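Structural description and commentary
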Amino acid sequence: MEIAPGAFHLRQFLPVAAQRALLDRCQSLLDGDVPGYVPTVRGGGKMHVRMLCLGRHWNGQTYRYEPTRADFDNLRAPSLPSELRDLASEIATACGMTLEPDICILNYYDHEGRMGLHQDKDEGARSIAAGVPVVSVSLGDTARFLFGGTRRRDPVEALMLESGDAFVFGGPSRLRYHGVSRIVPQTAPSALGIDGRFNLTFRQYDLDGA
Ligand code: SIN
Ligand code: MN
């Protein structure tokens, strides 16, 4: 399950009943009072996901985290529910790492959804320097996930992330490039009754208040 130092693919971490409960939670969050939206990034392009940030908002214009959604509707980012926080901590622990998440980015991908190769590097400098991991949980249709090196031109490996899988990258893998090249339609467990894919990524911005 360790695919590179600090990077772990935990297949079928969540049983289907837990996936179902998490999916219901994701759907109600995304359609809640502070709804998911399609970010417009620097340069004017729209992302190919519907996004909702919990705990802190990621601003697609400044690439910084902030309390309110200044690049969209100025609403305050909803708080990160404690059971989601606990799930992410449990997954990090299963990989021998520690995470006390204060941010979750919830993304919904339809069949056309994707995400270009990027690094997660907008969290606190101390957290990144310490290699505090990003924990990702996938629900619904399978994604072709790309995992590269710490330089954009490094070779990239493709992994299929299925419903219930967790993926963790911390330590020396914390700044590896990654992305989603495509969603494979009709691959979600039928018990979920979902078209498309949810992904949750948990991060820790603050490490000892910095
Ligand atoms: C991300 O890198 O923010 C999302 C990755 C994924 O959807 O698996
Ligand atoms: Mn990312």
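This section reports on the structure supplied with the text.

**Things to note about the environment of Gly 36**
Here Gly 36 is to be found in the loop between α1 (16-30) and β3 (50-54). Gly 36 gets classed as buried once you look at its relative accessible area, which sits at 9%. Spatially, the C-alpha atom of Gly 36 lies 9.5 Å from that of Val 49, the residues being 13 residues apart in sequence. Setting aside residues no more than four positions away along its own chain, Gly 36 makes contact with Leu 30, Arg 50, Met 51 and Leu 52.

**Observations concerning the sheet that holds strand β1 (residues 2-4)**
Working definition: the strands of a sheet are paired by backbone hydrogen bonds and lie parallel or antiparallel to each other. What the 7 strands build is an open sheet, ordered β1-β2-β11-β8-β13-β6-β3; its pairing is antiparallel. Because the sheet does not close on itself, it has two edges, and the strands there are β1 and β3. The mean angle between the axes of side-by-side strands here comes to 20°, regardless of whether they run parallel or antiparallel. Where strand β2 (residues 7-10) meets strand β11 (residues 166-169), 4 bridges bridge the pair, whose relative direction is antiparallel. Looking across to β11, one finds that Leu 10 is bridged to Ala 166. Sitting on the sheet, α1 is in contact with β3, β6 (103-109), β8 (134-140) and β13 (197-203), with an inclination near 85° to β13.

**With respect to the site of ligand 1**
Surrounding ligand 1, one finds Tyr 109, Met 115, His 118, Phe 145, His 178, Val 180, Arg 197, Asn 199 and Arg 203. Separating an oxygen atom of ligand 1 from a side-chain N or O atom of Tyr 109 is a distance of 2.5 Å. Contact distances for ligand 1 include 3.4 Å between an oxygen atom and a side-chain N or O atom of Asn 199. Taken by itself ligand 1 offers 260 Å² of open surface, and the protein chains cover 96% of this. Within the residue set of the shell around ligand 1, elements represented by two or more residues are β7 (115-118), β12 (178-184) and β13. Ranked by residue count, the leading element in the shell around ligand 1 is β13, at 3 residues. Partitioning the shell around ligand 1 into residue classes produces 4 nonpolar, 3 polar and 2 charged.

**A look at the coordination of the manganese ion (ligand 2)**
Binding of the manganese ion (ligand 2) to the protein goes through His 118 (NE2), Asp 120 (OD) and His 178 (NE2), at separations of 2.1 to 2.2 Å. One chain supplies every donor for the manganese ion (ligand 2), spaced along it as H-x1-D-x57-H.

**Brief notes about unusual backbone geometry**
The phi dihedral of Tyr 63 is positive, around 60°, even though this residue is not glycine. With respect to the helices and strands, the residue Tyr 63 is situated in the loop between β4 (57-59) and β5 (64-66). The exposure class assigned to Tyr 63 is partly exposed, which follows from its relative accessible area of 29%. Located in the positive-phi region is Asn 74, a residue other than glycine, with phi close to 65°. Along the polypeptide, Asn 74 turns up in the loop between β5 and α2 (82-94).

**A closer look at the side chain of Thr 201**
Looking at where Thr 201 falls in the secondary structure, it is placed in strand β13. Residue Thr 201 is classed as buried on the basis of its relative accessible area, which comes to 9%. Polar contacts involving the side chain of Thr 201 include one to the side chain of Arg 203, which spans 2.9 Å. Other than its neighbours up to four places away in sequence, Thr 201 contacts Ile 103, Cys 104, Ile 105, Val 134, Val 135 and Ser 136.

**Some words on α2**
Counted at 1.5 Å a residue, the expected span for α2 with its 13 residues is 18 Å, and the 18 Å between its end C-alpha atoms agrees. When we look at burial in α2, the residues that qualify are Leu 84, Leu 87, Ala 88, Ile 91 and Ala 92. Angularly, the buried residues of α2 cover 135° about the axis, an arc narrow enough to put them on a single face. Away from its buried face by more than 90 degrees, α2 exposes Asp 86 and Thr 93. Structurally, α2 contributes buried residues whose contacts are with α1, β3, β8, β11 and β13. The first or second residue beyond α2 is Gly 96, which carries a positive phi of 75°.

Definitions and cut-offs
- Residues numbered from 1 in each chain as written.
- Chains lettered and ligands numbered in written order.
- Predicted model: local features only at pLDDT ≥ 70, side-chain atom pairs only at ≥ 80, totals over all residues.
- Heavy atoms only, no water.
- Helix = DSSP H or I, 4+ residues; strand = E, 2+ residues; numbered from the N terminus.
- Buried < 20%, exposed > 50% of the residue type's maximum accessible area, 1.4 Å probe, protein only.
- Contact = heavy atoms within 4.5 Å.
- Pairing = 2+ DSSP bridges.
- Axes fitted to C-alpha atoms, helices over the stretch in contact; angles between N-to-C directions.
- Near = heavy atom within 4 Å.
- Polar contact = N/O pair within 3.5 Å; in protein donor to acceptor, adjacent residues only side chain to side chain.
- Areas by Shrake-Rupley, 256 points an atom, 1.4 Å probe, with all protein chains shown as cover.
- Nonpolar A, V, L, I, M, F, W, Y, C, P; charged D, E, K, R; others polar.
- Donors = N, O, S within 2.8 Å, 3.2 Å for Na, K, Ca; no water.
- Expected span 1.5 Å × (residues − 1).
- Arc of directions from axis to C-beta.

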